[in-house]
Structures are given as C-alpha cells and as structure tokens.
Amino acid sequence: MQALVIAAHGSHLNPGAARPTYAHADTVRDTGAFDEVREAFWKEEPHFREVIRTLESDEVYVVPLFISEGYFTEQVIPRELRLSEWDPDRWDSEGTDADWATLEAEGKTIHYCGPVGTHDAMTDVIVRRAESVTDDPDVGKGVGLAVVGHGTERNENSAKAVEYHADRIRNRGRFDEVEALFMDEEPEVDDVTDYFESDDVVVVPLFVADGYHTQEDIPEDMGLTEDYREGWEVPAEVEEHRIWYAGAVGTEALMAEVILERAADAGADIENAIDRVKRATAEMADADDRGSRAEAGD
Amino acid sequence: MNAERAVEALVERVDGGETVDCDGLSVEAGPEGYRLELPELERTGLSTEELRRTLSAFGEYATNWRYWDRVGGAGTARRAFLRWCERAPVPGEATPGESDPEPLAVPDRYDALAEGIDREWGQLLLTTTLAENGDRRYDLRHVEDAGAAVEDLDTYDEPREARELTTFDEDGRYRPLKTAPTLVPGWVFPSPSATELVSAVGFFYPATVENWHREREGELDVDHWIDTAERQTGIYDVIDELPREAVDWMAEACCVDSQCLRRREWEYDSEDPIDAPGGEGPFPCREPCSLVIAAARSWAIDESEESHTWEVELTRGERNQIEEIVDAVAEGRTEEIREADVGEGANRYRARYLRAKRFGGEDDGDEGGEGFGDLVE
Ligand code: SF4
C-alpha cells in the first residue's frame, strides 16, 4: 500500500488557509492513485507530528505544499515527521532543484519530496492560472505576465523560485513580456505598470494559499483598490494598463498535478493519474471561471 | 438471521488449511475430521455436514467471524476501534480516562447490537447495529442528536465532508482546535461503511483513534512539555523559557475538558506532573498541540517581564467587578450577557462605566496602563 501526505502550513486564524490543500487532496483521492491520502499541517490537524501514524500504508510520499525550499521544508517538516536521518544535503539542491530523499519514520518508508513550488510542472500551473483568470486558453500574445513573490527578506530561495519560473515562461516565448516581481524588494510589485509595455498584464502571485498577502497587500500595493475590503475589478485599470490579478497560484486546481508529479518522481506508482488530473482540472477551471467571472468586482 | 453464507465461507476457509479463531469460535480441519470449539461446547471428528449443522445452530458466531474477517486489518487501530464501537473484546488495556463497559461475548453482543450499541467519542456518537446478514451498520452523529430522526438532520455520505462540519462553531467562529467541545450538531452520517466510519472520525478528530490504540497497546509516545518546547525553533524558540508554574496555568487555561476533549497525558517532564486535571475523555493528547505552542510564545514573552506593585483606587465592588469580567471572558460568556443585565459585572454598560471612571475612558487606547494605577516600585 502507498500513501500520499500533503504537508501544508495551515492557520489558527484563517479558515480559508487549508481550503486549497483540501481541494488538491480530494482531486488526488478521486484518481484512486493512492490507497490513502492525508492533508497534514503545521497549524491545523492532523499535525505533521501525528499524520504518519494515521496511515496503514508502508510506503509514504510526503509532498510539501510550500513554494520554496527553506525553513519549513528543510527544518520544520522533517523534524516534526521524525525523519531522524534527514539532512538538507539529501536534496542536493541549490535552492530550486530539490527532488526527494528516502528515509524512515515510525517504521515506515518515507519519500520526502521537494516542495511543489520549485517543480517544473509548477510553470504550467502559473500559465494555467493566467489562462483561467483571463478566460483565454491561448492568452499570451500582446500580454505581459508578472510572477510575484516575497523578496529575499524572509527566504532567499523564495525569490529564486519566482525567478526560476519567470525565466522558464519567458523562454517559451508565449507572453510578450514576463517579469519576476517582489513584495519587499526591487523590482517591486507596487510599480508593476513601470515594468510592462503591454496594455494587458496578468499578475500571478506564487503563493500556496490566498491570505493577507495575496488578498490585502498586493491588490492595494498595485493600486487595484484603495481598500481590499471593497474588492477589485478583474481586469482593473491601473495607469493605462489592464491588470488581470489572479490571486494565489496555489488555488489553481492543476496544482494537484504538481503534487502527483512530485510523488511520481520519488517512485510512487500512479499510472495515468496525472493525465486524469489534467483533464479533470481543465474542466474544473472552465466551470470555476464562469463562476468567478460573475463575482469579479464584488 | 441467515448464517448460511457465513457458514459456507467458514468451511471453505478451514478446508484451505487455516484455523479460524474469532471471539470464542475456533475451527480447524484435521485428518480425523473437523474440530470445533465454542465457549459452550467442544466437538472433534466432525464430518463436513456435522460441522455445517453445528455452525448453523450457532450462526451468530459464524456471521461474527465473517464480518470481522472482512473488516481485516489485524493489529490496526481501525480494527480495534470498530471492535470497541460494538463492545467486542479489544486487545490491550482500557485507557485511563474511559469508563469502559465490559466487553461482550458474541451472544450478548448480538442482543445488544439488535438494539444498537452506542459509544461516545468526544462529541461524536457512534451507533453500531446488526444488519440482516450479520453485517454491521453504523450511524455517526453529534451526541446532542442522540435519538433524533435521520430526516431531521442534514445527512452526509462522504467522510471528507466532515471537514466542513468541523470548521466553524455554532456562532460561525473558526475552530482551529478540532477537539474543542464546540462541534456543531444537526448532521448525521446515516450509513457509513466500517472504513468510512473510521475515516470520518479521523476527519472530525484527527489521529485520535491511532493514539488511543497506541495507548491501549502500551505504546503511546508521550512528548512532555519540556521536550516539546526545546524542540521548537524560529519564533517558538523562546517557549522553553516559560517558568515551571506557568506551564500549570497554561494547561489549566487550554487543556481541561471544558476547552479540549483530548485527555492530556503530557506533563512538565516524565517526573514532574502538571497540577491541572488532564481530562476524562477516551483519547489521549500525547504532546502540546500547535495552538498551545503558539499561546505559550505569548506567555513566555509576558512572563519575561517583572511584576511590579501598583497602587490602584477601586471600591470593593469595582474590584469584584474586574474579577467578574475576567471570569466572563475566560468562560466565553460575554456574548450571553444581555444588554440590560446591569447586575452582571461583565455587562457592557458596566464595563464601559468602569472604563470611563477608572481606566481613562474611551480614548485611552489599547496601551492600557496610562489611566490605570500608579507604579509603586
Ligand atoms: S495540548 Fe491541550 S489543548 Fe492542545 S490538544 Fe492537547 S489537551 Fe488539547
């Protein structure tokens, strides 16, 4: 038997923080690729500390629903899971290329994977997010794309992850312009319009869940709204640009695919689950989009 | 009850060379015929026909075996829990908090199952009843909804939907602690399978079944306060500085049954018990949870400040009123105190009056201090 654990931060204060984790876990559950699927959290339950014992499977794939390699993925999660043999060198990563490490905990084999945020498949999720927020499956021509992250202040790898995906998307040549922007360092998201010539700019924050940063700070900093509580238009006019603000990329249904890719890289036997998730989430994105369009600007 | 299929399956199983051993029933095939043992009798040298006939006469034992055979999961928490639900014998020791009724042998258990066997797990009520063919049926609901008709409750089929039910309390406030005694009533899982039942319980109260099982097996890995605190890093690095007596206050504040239904098994360390009741529930708490860790950080910072003596002028009534306000907040009663209940110290008008008179009024801001009391030393 094999199990999947999706390890996320969660929140003591915000009931919405776990929602994307639940949604992706359910998408994976519905593929039937794993005998058991669990969400696990730092701030909610089941806690990282208690999750392994809830499994009957001997092979466990742990995928951190985090954007970058850093404090949580390198210290907190391994410690709390009791991965006593863990050492960050096991990932042999320069900051964006963690793959997996196979360890033991509580009598089980634990395949501890790198975070979703630095997997190559994440690039596609960012693009999918741009497609869904513009409701245009071919979005790109004549359009700029900004990938937004924290700066290096909190974690140097977080900026690396943002730049990594921005570079990859730029190299594909699909969008006229692609920029990596940051909240607490140059180039700053506040000045988003300075960095683009295109009239239409899609802004995708590389965050796993919507919260204070993506729903309050960034929209206000970019000038989408004076007061986040009043919401904003999608697209919103800012200094003669149209800003298509996507909200956290982590809420995109296709994230479930990245989770599966991580587990598959580490050896999980998931057959054609990835294709099924691609199809299922494309349908979901369509349906979601019709829903969110009606709500935009509420 | 129709035991025919169970009897057939059992005969087939022992013919395959296995010994069947379940809740007082033991059957095996040998060169001299079958051996059958029940609490009431022992037979040897039975022909297949005799075995069938005897088993059919004790059909409850046969269907009981068949059910538990299909549940499977020897040694798992899931199996132990499902057996606990119907008061079947469970390996290990009854947990300390439990007022566990005696396990029932098959005939008594079947009588009780006909009526339905109720067990409480925190605020969950689990009822096991017998289906026609000897299978079990389950019903999972809030303890407050005992006896309610299924039609009067919101019905759920998917265990994962329990997550939605656990997210908010009755006032719509977020519940960050799943074992807080604030689970909303009004719903039912009317016919989950055994697997779905355990899975739903796992969504309501994560890991409680597994830790309960470990405890029964004598294998609960308790991490006491000081070990857990010393393990922390980052912003929680400071919590191991919390003074010894503050850990008692913290456990009294957070972990008693009025706040959390887990039974606290962690102490200050293995030799230094905490002076607050741990609780009476069936499932243990094996280490301070993330909520306690987060709160401990605030207290560690508060406790790093020195105490001073303050000179404050208050009437006796005002002094008592402050106590009433603290009690009302600590017990979460402020919402209940009505607008015109001016006899209550924690009434809003009373508190505003006290603030106007003694705390520098509305504009004193959040800093407190300024308008209230003078430092003596
Ligand atoms: S630490 Fe206290 S509040 Fe937290 S789960 Fe355990 S008993 Fe409950």
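Residues numbered from 1 in each chain as written. Chains lettered and ligands numbered in written order. Predicted model: local features only at pLDDT ≥ 70, side-chain atom pairs only at ≥ 80, totals over all residues. Heavy atoms only, no water.

- Named according to an unreviewed UniProt entry, chain B is DR2241 family protein originating from Saliphagus infecundisoli.

- Under an unreviewed UniProt entry, chain A has the name CbiX/SirB N-terminal domain-containing protein and belongs to Saliphagus infecundisoli.

Quick look at the overall build of chain B
Logical step 1: The number of helices and strands found in chain B is 13 helices and 13 strands.
Logical step 2: Taken along the three principal axes of its C-alpha coordinates, chain B extends 95 × 50 × 35 Å.
Logical step 3: Counted over contacts in chain B with a minimum sequence separation of 6, partners at least 24 positions apart contribute 58%.
Logical step 4: Accessible area of chain B: about 19,600 Å², with a carbon and sulfur share of 44%.
Logical step 5: Here chain B carries 41 positive and 89 negative side-chain charges, and the mean point of each set is 4 Å from the other. (Helix = DSSP H or I, 4+ residues; strand = E, 2+ residues; numbered from the N terminus. Contact = heavy atoms within 4.5 Å. Areas by Shrake-Rupley, 256 points an atom, 1.4 Å probe, with all protein chains shown as cover. Lys, Arg positive; Asp, Glu negative; His and termini not counted. Charge placed at Lys NZ, Arg CZ, Asp CG, Glu CD.)

Remarks on helix H2 (residues 48-57) of chain B
Residues and elements named next belong to chain B.
Logical step 1: Those residues of H2 lying buried are Leu51, Thr54 and Leu55. One side of H2 holds all its buried residues, which, seen down the axis, span an arc of 100°. The exposed residues of H2 that point more than 90 degrees off its buried face are Arg53 and Ala57.
Logical step 2: On its buried face, H2 sits against helix H1 (4-15), strand S2 (25-30), strand S3 (33-38), strand S4 (41-46) and helix H3 (59-71). (Buried < 20%, exposed > 50% of the residue type's maximum accessible area, 1.4 Å probe, protein only. Arc of directions from axis to C-beta.)

With respect to the pattern of salt bridges
Logical step 1: Scanning the model with the defined rule gives 61 salt bridges over all chains in all.
Logical step 2: With its nearest N and O atoms 3.0 Å apart, the salt bridge here joins Arg172 of chain A to Asp124 of chain A. Pair noted here: Arg172 of chain A is in helix H5 (residues 156-172) and Asp124 of chain A is in helix H4 (residues 121-134), with a separation of 48 residues, a long-range link.
Logical step 3: A salt bridge links Asp139 of chain B to Arg141 of chain B, with the shortest nitrogen-to-oxygen separation between them at 2.8 Å. (Salt bridge = Lys/Arg side-chain N within 4 Å of Asp/Glu carboxyl O.)

A closer look at the side chain of His119 of chain A
Residues and elements named next belong to chain A.
Logical step 1: You can see His119 is positioned in the loop between strand S5 (108-113) and H4.
Logical step 2: Side chain to side chain, His119 and Asp265 meet in a polar contact 2.8 Å long.
Logical step 3: Residues within four places of His119 in sequence aside, it is in contact with His165, Val258, Glu261, Arg262 and Asp265. (Polar contact = N/O pair within 3.5 Å; in protein donor to acceptor, adjacent residues only side chain to side chain.)

A few points about the UniProt feature "domain: DR2241 stabilising" (unreviewed entry) in chain B
Logical step 1: According to UniProt, the "domain: DR2241 stabilising" (unreviewed entry) feature falls on residues 106-216 of chain B.
Logical step 2: Helix makes up 32% of residues 106-216 of chain B and strand 22%, whereas the separation of the span's terminal C-alpha atoms amounts to 22 Å. (UniProt positions renumbered as here; feature names shortened; annotations may be inferred.)

Quick look at empty space enclosed by the protein
Logical step 1: Within the structure shown, the criterion is met by 3 cavities of 30 Å³ or more.
Logical step 2: In this model, the largest cavity occupies a volume close to 290 Å³.
Logical step 3: Lining the largest cavity are 29 residues, with His47 of chain A together with Glu287, Pro288, Cys289 and Ser290 of chain B positioned closest to its centre.
Logical step 4: The set of elements that each furnish at least two residues to the lining of the largest cavity consists of helix H2 (48-51) of chain A together with helix H9 (225-231), strand S11 (284-285) and helix H11 (290-303) of chain B.
Logical step 5: The dominant element in the lining of the largest cavity, judged by the number of residues it contributes, is H11 of chain B, at 4 residues.
Logical step 6: Classifying every residue of the lining of the largest cavity gives 13 nonpolar, 6 polar and 10 charged.
Logical step 7: Here the second largest cavity defines a volume of roughly 90 Å³.
Logical step 8: Every residue along the wall of the second largest cavity is listed here: Leu177, Cys254, Cys255, Cys260, Arg262, Arg264, Trp266, Cys285, Glu287, Pro288, Cys289 and Val292 of chain B. (1 Å grid on protein atoms, 1.4 Å probe; cavity = no way out; pocket = protein on both sides within 12 Å on 5 of 7 lines; lining within 4 Å. Points joined across faces, edges and corners; volume = space filled by probe spheres on them. Nonpolar A, V, L, I, M, F, W, Y, C, P; charged D, E, K, R; others polar.)

Things to note about the layout of surface pockets
Logical step 1: Each pocket or cavity is described by its volume, and for the second largest pocket that value is around 1,100 Å³.
Logical step 2: Among the secondary structure elements, those contributing two or more residues to the lining of the second largest pocket are helix H1 (19-31) and strand S2 (36-41) of chain A together with helix H4 (77-85), helix H7 (194-204) and helix H8 (208-216) of chain B.
Logical step 3: Counted by class, the lining of the second largest pocket contains 17 nonpolar, 9 polar and 20 charged residues.

Focus on the sheet that holds strand S8 (residues 200-205) of chain A
Residue and element names in this part refer to chain A.
Logical step 1: Strand order in the open sheet formed by 5 strands is S7-S6-S8-S10-S9, and the pairing between neighbours is mixed. Each edge of the open sheet is held by one strand with a lone partner, namely strand S7 (177-182) and strand S9 (236-238). For this sheet the average axis-to-axis angle between neighbouring strands, irrespective of direction, equals 30°.
Logical step 2: Its contacts with the sheet put H5 on strand S6 (143-149) and S7, and the angle it makes with S7 is roughly 175°. (Pairing = 2+ DSSP bridges. Axes fitted to C-alpha atoms, helices over the stretch in contact; angles between N-to-C directions.)

Quick notes on the domain arrangement of chain A
Residues and elements named next belong to chain A.
Logical step 1: Parsing chain A into structural domains produces domain 1 (2-118 + 253-284) and domain 2 (121-251).
Logical step 2: In this assembly, 25 residues from domain 1 lie in contact with 21 residues from domain 2.
Logical step 3: Surface buried jointly by domain 1 and domain 2 totals about 1,700 Å² across both partners, of which 63% is contributed by carbon and sulfur atoms.
Logical step 4: In this assembly, domain 1 and domain 2 are joined by 6 residue pairs in polar contact (both at pLDDT 80 or more).
Logical step 5: Those elements that place two or more of their residues in the side of domain 1 that touches domain 2 are H1, helix H7 (255-265) and helix H8 (273-295).
Logical step 6: Looking at the side of domain 1 that touches domain 2, its residues break down into 11 nonpolar, 9 polar and 5 charged. (Domains from an automatic or database assignment. Buried area = accessible area lost by both parts, 1.4 Å probe.)

Considering the site of the ligand
Residue and element names in this part refer to chain B.
Logical step 1: Near the ligand you find Leu177, Cys254, Cys255, Cys260, Arg262, Trp266, Cys285, Pro288, Cys289 and Val292, and these make up its full shell.
Logical step 2: Judged by the fraction of its atoms near the pocket grid, the ligand is located in the second largest cavity.
Logical step 3: Split into classes, the residues belonging to the shell around the ligand amount to 9 nonpolar, no polar and 1 charged. (Near = heavy atom within 4 Å. Sits in = over half its atoms within 2 Å of the grid points.)

Comments concerning the packing of aromatic side chains
Logical step 1: Within this structure, the stated rule accounts for 25 aromatic pairs over all chains.
Logical step 2: Seen in terms of ring centroids, Trp86 of chain A and Trp91 of chain A are 4.9 Å apart; in terms of plane orientation they differ by 75°. Their pairing is edge-to-face.
Logical step 3: Taking relative accessible area as the criterion, Trp86 of chain A reaches 13% and is therefore assigned buried.
Logical step 4: Chaining the aromatic ring pairs together yields one cluster made of Trp42, Phe48, Phe66, Tyr71 and Phe72 of chain A together with Tyr236 of chain B.
Logical step 5: When the ring centre of Tyr349 of chain B is taken as reference, the NZ or CZ atom of Arg348 of chain B above it lies at 5.5 Å. (Phe/Tyr/Trp six-rings, centres within 6.5 Å; stacked < 30°, edge-to-face > 60°. Lys NZ or Arg CZ within 6 Å of the ring centre and 35° of its normal.)

What to know about the environment of Arg141 of chain B
Residues and elements named next belong to chain B.
Logical step 1: As for its placement among the helices and strands, Arg141 is situated in strand S7 (residues 136-142).
Logical step 2: Looking at Arg141, the relative accessible area reads 7%, which means it is buried.
Logical step 3: In this structure, the C-alpha to C-alpha distance between Arg141 and Glu331, residues 190 residues apart in sequence, is 26 Å.
Logical step 4: Polar contacts involving the side chain of Arg141 include one to the side chain of Asp139, which spans 2.8 Å.
Logical step 5: Within the structure, Arg141 has its side chain in polar contact with the backbone oxygen of Asp145 (distance 2.9 Å).

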